[in-house]
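# Coordinate inspection notes
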Amino acid sequence: MEKEINIGAPVGLNNRKPLARMDASTDAGAGAWLRSAINIDLSSDGYLRRRKGFQLVQAGDFHSLWSDDKDAYAVVNGSLSHLSPEPTPIESNVRKPVTYARFPDGAVYWSDGNKAGRINGQDNKPITPPMPNPVPAAQVVDAGLPAGRYQVCFTRITDGLESAPTEAVMFDLPENKGLVFSGVDNNTLIYVTGANGEIFNEISGNYLSPIAEGAECPTFGLAPIPAGQALAHYRGSLLMAAGNYLYVSEPYLYGLHNPVRGFIPFPEPISVIAPCEDGFYVCADKTYWLPADPLNTTPIVVLPYGALAKSLVIDDENMTVYWQSKHGIVLAKPSGSVTLPQDQALQFDPADTGVSWLREQNGERHLITTRERGE
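Residues numbered from 1 in each chain as written. Predicted model: local features only at pLDDT ≥ 70, side-chain atom pairs only at ≥ 80, totals over all residues. Heavy atoms only, no water.

## Here's the deal with the sheet that holds strand 34 (residues 328–333)
Across the sheet, which stays open at both edges, the four strands sit in the order 32-33-34-35 with antiparallel pairing between neighbours. Two strands lie at the open edges of the sheet, namely strand 32 (313–315) and strand 35 (337–339), each paired on one side alone. For this sheet the average axis-to-axis angle between neighbouring strands, irrespective of direction, equals 25°. In terms of strand pairing, strand 33 (residues 320–325) meets strand 34 through five bridges, oriented antiparallel. Bridged to Trp-323 within strand 34 is Val-330. (Pairing = 2+ DSSP bridges. Helix = DSSP H or I, 4+ residues; strand = E, 2+ residues; numbered from the N terminus. Axes fitted to C-alpha atoms, helices over the stretch in contact; angles between N-to-C directions.)

## Notes on the pairing of strand 24 (residues 237–242)
Taken across its six residues, strand 24 has six buried, putting it largely inside the fold. What you see with strand 24 is no split at all: Ser-237, Leu-239 and Ala-241 on one side and Leu-238, Met-240 and Ala-242 on the other are buried throughout. Of the pairings in the sheet, the one linking strand 23 (residues 230–234) to strand 24 comprises five bridges and is antiparallel in character. Of the residues in strand 24, the one forming a bridge with Leu-231 is Met-240. In this structure, the hairpin formed by strand 23 and strand 24 is closed by a connection of two residues, where Arg-235 is found at a positive phi of approximately 50°. (Buried < 20%, exposed > 50% of the residue type's maximum accessible area, 1.4 Å probe, protein only.)

## What about the pattern of salt bridges?
Tallied over the entire structure, the rule returns 11 salt bridges. Linking Asp-71 and Arg-102 is a salt bridge whose minimum nitrogen-to-oxygen distance equals 3.0 Å. Taken as a pair, Asp-71 in the loop between strand 7 (62–67) and strand 8 (72–76) and Arg-102 in strand 11 (residues 99–102) lie far apart in primary sequence, 31 residues in all. Residue Asp-71 is classed as buried on the basis of its relative accessible area of 14%. Asp-142 is the salt-bridge partner of Lys-177, the closest N and O atoms lying 2.5 Å from each other. Here Lys-177, found in strand 19 (residues 177–182), pairs with Asp-142, found in strand 15 (residues 137–145); they are 35 residues apart in sequence, far enough to count as distant. Exposure remark for Asp-142: the relative accessible area of 63% places this residue in the exposed category. Taken together, the shared-partner salt bridges connect Asp-68, Asp-71 and Arg-102 into one network. (Salt bridge = Lys/Arg side-chain N within 4 Å of Asp/Glu carboxyl O.)

## Regarding the sheet that holds strand 24
With respect to topology, four strands assemble into an open sheet ordered 23-24-25-27, the strand pairing being antiparallel. Edge positions in the sheet fall to strand 23 and strand 27 (263–265), since each of these pairs with one other strand and no more. Neighbouring strand axes in the sheet, compared pairwise and without regard to direction, differ in orientation by 15° on average.

Given below as C-alpha cells:
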C-alpha cells in the first residue's frame with residue numbers, strides 16, 4: 001500500500017553532515033536531511049512516498065535497456081532485442097554494453113564497441129552500406145577513349161544509402177581503348193575520371209567513349225566510422241567515440257567520415273558524449289565543452305574529471321543533459337554550463353559505470369540513478 005509521510009520542507013539526502021546536525025531551514029520552512037532513503041520518492045511538496053513494488057515480467061539475462069515513446073530495446077541472453085513487449089532478437093552475439101540514440105531519420109543507432117547498426121522497429125542494418133564485395137573487375141578493350149590515365153571506383157546503394165567507394169584503380173590507356181566492367185549488379189554504381197582527370201563522375205555501363213559528366217561521387221574520400229563505446233547525433237552528424245578518438249561523420253552521411261580530418265583525439269578513452277543545441281560535451285580524462293563546429297573549435301575544459309560510462313540521459317524538454325561523475329550527478333546546459341547538485345551533500349564510493357533514468361510519475365519528475373564498480 002502506498003503511504004505518504006510529511007517531513008516539512010523537502011531537503012534530500014546528506015551523508016556528509018553529522019547525525020546530530022541533520023535539521024535544515026529552507027524558504028519553505030523547517031525540514032530535515034535524510035541519512036538514507038530506501039525505496040521512497042521525495043515529492044516537491046514535502047512528502048515521502050513509498051515506491052510501488054514490482055514483479056518479474058520476463059526472465060533472462062538482460063542488460064543495456066533503452067526506450068523512448070516509440071520503441072524499446074535491450075540485450076537479452078546475448079542478443080540485441082526489440083521489446084514489443086516480448087523480446088524479439090534482431091542481432092546476435094552482442095555481449096558488451098550498448099549505447100543508443102534516436103536520429104532525425106527516425107532510426108535508432110546503436111553500438112557496443114565491436115559492431116554498430118541502425119534499427120527501424122525490428123529491422124537492424126549497418127549504419128552505412130558495405131562496399132561492393134567482391135570488387136567489380138575492369139578489362140581493357142578496343143574502343144574510342146583518347147589516350148590518358150583513367151581512374152575507376154565503385155560504390156553500392158542499399159536502402160537509398162550509398163557506401164564508401166572502393167579503392168580507386170588506375171589505367172594508363174593508349175589511344176582508342178576503353179574499359180568493360182564485370183561483377184556489376186543493379187545496386188552497384190560506377191565512377192570514372194576523364195583522361196588525366198581527378199573528378200569521379202558516375203557512368204552507366206561500360207566506358208568505351210568520352211561521355212557527358214554524370215553526378216560526382218558523393219562519398220569519395222570518405223571511410224566508414226568504426227564502432228565505438230558511445231555515440232550521439234549533433235547537427236546532422238554522427239558522433240562516435242571509439243577508444244580515445246571522437247569520430248565526426250560528414251553531415252547527413254551517418255557512418256562515413258573524412259579519414260584525414262574527421263576525428264578528434266583525447267588523452268584517455270571517452271565515456272560520454274552529451275549533445276546540446278549549441279555544442280556538446282565529451283567526457284574522457286576531463287570533461288570538455290566543444291561549441292559550434294567540433295572540427296573547427298578548441299575543446300574547453302569545464303570539469304577536471306570525466307564521467308561514469310553509460311550514465312548519460314537527455315532531457316529534451318528542458319534542454320538539459322545529465323550524467324554521473326565521481327562527485328555525483330552532473331547537470332549540464334547549453335553554452336558549457338555545468339553544475340554538481342549533489343556534491344555538497346553526498347560523497348560516493350568509487351564507480352566505473354552508471355545508469356540514469358528520467359521518470360515521470362504521480363505528477364513528479366525524478367532522475368533515477370545507479371552506480372557500479374567494475375570487477
